[in-house]
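Overview (structure and organization)
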Amino acid sequence: MKKVLKEFCKENTFMLMSLFILAFLVVAVTLLPPQILRILIDTRLSVGNSDDLPLFAAGYLVILIMSGALEFLKGVVLTGLGQRLIRKIRSRMYHKATKLRECYYTEHGTGEMVAHFTSDVESVNALFTDGLISMFIDAMKIVGILISVWFFHAGLLLLLLLLVLLIAGITRIFQVNMKKAQKANLVELGGLSNSLSESIENLQIIRLFHKERYMEESYEQHLARNYDTKKKVNLLDSIYAPIIQLLRATAVTVIILLCARNNTVMGITAGMLAASIEFLGNLIIPIEALGMEFQKIQQGIVGIHRVSEFLDLAEEEKDDALKAESILAHLDGAEIRIDKVIFSYDGEHNVLHDLSLFIPAGDNVTLIGRTGAGKSTLMKLILGLYSPIKGMITLNGVPTDLIPPSQKRKLFGYVEQTFHFIPGTVEDQITLGDTNITREQVSKVCEACGLKEAILRLPDGYDTVITDGFEFSFGQRQLLSIARATVMNPRVLLLDEMTANLDSATEQAVLYTLKEACKNRTIISISHKLGELDAQTRIVQI
Ligand code: ATP
Ligand code: MG
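A quick note: this is a predicted structure, and the numbers were derived from the prediction, not measured. (Residues numbered from 1 in each chain as written. Chains lettered and ligands numbered in written order. Predicted model: local features only at pLDDT ≥ 70, side-chain atom pairs only at ≥ 80, totals over all residues. Heavy atoms only, no water.)

Here's the deal with the packing of aromatic side chains
Overall, the coordinates contain twelve aromatic pairs when judged by the stated rule. Measuring from ring centre to ring centre gives 6.4 Å for Tyr94 and Phe117, while their planes differ by 75 degrees; the resulting arrangement is edge-to-face. In this pair, Tyr94 sits in helix α3 (residues 53-97) while Phe117 sits in helix α5 (residues 110-152), placing the two residues 23 residues apart along the sequence. The class for Tyr94 is exposed, based on a relative accessible area of 56%. One aromatic cluster is present, formed by Tyr94, Tyr104, Phe117 and Phe310 through successive ring pairs. (Phe/Tyr/Trp six-rings, centres within 6.5 Å; stacked < 30°, edge-to-face > 60°. Helix = DSSP H or I, 4+ residues; strand = E, 2+ residues; numbered from the N terminus. Buried < 20%, exposed > 50% of the residue type's maximum accessible area, 1.4 Å probe, protein only.)

Comments concerning the sheet that holds strand β5 (residues 398-399)
If you walk across this open sheet you meet the four strands as β2-β1-β4-β5, and the pairing is antiparallel. Whereas interior strands pair on both sides, the edge strands pair on one side only; in this sheet they are β2 (350-359) and β5. With six bridges joining them, strand β1 (residues 336-344) and β2 adopt antiparallel strand pairing. Residue pairing across strands places Ile336 opposite Ile359, the latter belonging to β2. Along the sheet, helix α12 (residues 375-382) contacts β1, β2 and β4 (390-395); its crossing angle with β1, the most-contacted strand, is approximately 120 degrees. (Pairing = 2+ DSSP bridges. Contact = heavy atoms within 4.5 Å. Axes fitted to C-alpha atoms, helices over the stretch in contact; angles between N-to-C directions.)

Notes on unusual backbone geometry
The backbone of Lys340 sits at a positive phi, close to 45 degrees, despite the residue not being glycine. Tracing the backbone through its elements, the reader meets Lys340 in strand β1. In this structure Lys340 comes out as exposed when scored by relative accessible area, which is 52%. Of note in this structure, Leu432 is not a glycine but carries a positive phi near 55 degrees. Locating Leu432 in the fold gives a position in the loop between α14 (426-431) and α15 (439-448). Taking relative accessible area as the criterion, Leu432 reaches 40% and is therefore assigned partly exposed.

Examining the domain arrangement of the chain
When cut into domains, the chain gives domain 1 (2-311) and domain 2 (318-541). Between the C-alpha centres of domain 1 and domain 2 the distance comes to 54 Å. Every contact between the two is made by five residues of domain 1 and, on the other side, six residues of domain 2. Here domain 1 meets domain 2 over a buried area of about 550 Å², counting both sides, of which 44% is carbon and sulfur. For the interface between domain 1 and domain 2, the tally reads zero salt bridges. The interface formed by domain 1 and domain 2 includes zero residue pairs in polar contact (both at pLDDT 80 or more). (Domains from an automatic or database assignment. Buried area = accessible area lost by both parts, 1.4 Å probe. Salt bridge = Lys/Arg side-chain N within 4 Å of Asp/Glu carboxyl O. Polar contact = N/O pair within 3.5 Å; in protein donor to acceptor, adjacent residues only side chain to side chain.)

Here it is in structure tokens:
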């Protein structure tokens with residue numbers, strides 16, 4: 001992460017410098033109008049001199065316009081930099097994601113990876129844009145105002161300091177309570193929408209069994225809780241502004257009292273009074289913003305840690321990869337040895353208990369077992385997606401979790417229980433973007449799997465871009481999965497419930513094609529249907 005940030009600063013030095021210059025200008029321009037007002041009142045109006053009044057008016061207007069323009073420019077540069085930072089981190093993370101050890105993808109859910117790419121990266125961006133830089137500008141505004149006041153009256157500075165501390169304290173208390181109240185409200189809102197969607201989904205069944213009253217009562221309870229939490233949020237929201245206004249009004253009153261009676265008290269002039277009142281107005285916004293920015297910085301630091309952890313994850317080990325490549329390159333056929341394997345997902349409950357199995361090259365094995373027995377898990381272990389807790393799984397003597405992905409496609413064909421589309425065309429679904437696979441190979445495998453006609457009916461045939469997958473029925477998706485698994489003519493075929501979504505005629509045709517295409521291959525299949533099995537198949541109970 002440090003490296004990414006360093007690179008980012010190097011690539012965007014000009015924009016970062018411009019941002020800092022703009023930040024200084026924004027602060028400087030905020031400080032000018034009250035000073036102009038002070039000089040105007042004290043040196044012109046109070047002594048009856050109004051000759052250069054139009055000049056003051058024009059200056060005041062120009063500064064206000066400049067202030068708006070500078071704020072706009074600062075916003076443009078800041079969001080531009082933020083977007084560049086997001087792009088840089090995401091591109092680095094995606095590069096990392098393609099290099100991780102395969103077990104990462106199976107051990108961590110998709111949601112976790114998506115969260116790294118979305119909320120974590122956004123919180124890092126917010127740390128720099130809404131957090132650090134905005135905090136710097138707001139802190140400078142507050143310090144600038146205090147220094148400006150100090151220049152013309154030290155006593156007023158003390159009063160403003162007191163006010164700043166009071167407003168900051170009250171704002172913090174409100175923000176902490178507001179956060180709690182909003183969180184509680186969000187939880188209740190989630191419960192409310194869950195309850196509503198459950199009711200809508202089950203409407204037919206609810207009416208069928210006359211359970212309307214029960215559902216209504218449950219929804220009413222959610223509504224009542226949501227009302228209570230929202231009431232608290234609204235109350236805090238509406239009380240805050242008047243309290244701050246009251247503080248401001250009190251401060252203004254004190255200043256007015258101090259400068260009353262013809263400048264006799266503390267020597268505060270009318271100009272200073274006007275400038276202080278304007279400064280007071282300018283103080284509240286940055287103080288309020290500081291609390292929020294502090295929160296963003298805290299969230300951003302967590303985001304930086306999470307992104308750093310992701311970027312530091314272990315990558316595919318090149319040495320192991322080379323070793324495996326050289327061993328596998330010289331062997332024909334593929335024998336699999338499962339030796340006293342114990343495996344658990346959570347480290348507590350074993351899914352596989354001391355399993356041993358030898359599958360010689362060219363053997364045909366069907367795994368059977370009750371639902372949840374661990375059949376699909378065993379396949380993933382054979383594929384090397386997970387590592388056993390104890391024992392070993394080897395292919396021609398090489399532990400399968402050390403085989404490099406570059407070799408796996410030539411060795412393993414895997415038909416999963418569910419098919420997942422990748423972004424791209426129909427052909428990409430089969431080749432997985434591997435440009436070494438020719439159109440002829442794709443067309444051949446699709447014909448063998450009985451998919452060719454369905455594909456040629458699509459608007460652009462093999463080049464049709466998949467949008468939502470509805471181009472293919474569930475059975476056809478299974479055929480696509482078979483085509484994807486067999487297009488490289490791998491040495492080992494792993495078929496998980498391959499024919500579950502096929503009608504019996506297609507099932508027979510596919511099985512026949514597979515048998516023909518995979519002669520002398522090692523085939524491990526999982527089946528609940530004994531009809532799939534034939535005399536040459538060895539049945540293994542898991
Ligand atoms: P089925 O015949 O229903 O497909 P199966 O024999 O293939 O069942 P597996 O999918 O291997 O069963 O699951 C075995 C056990 O491991 C189940 O109890 C399941 O809950 C658990 N399991 C499977 N995948 C995971 C996972 N990614 N994380 C945690 N537990 C899992
Ligand atoms: Mg399964």
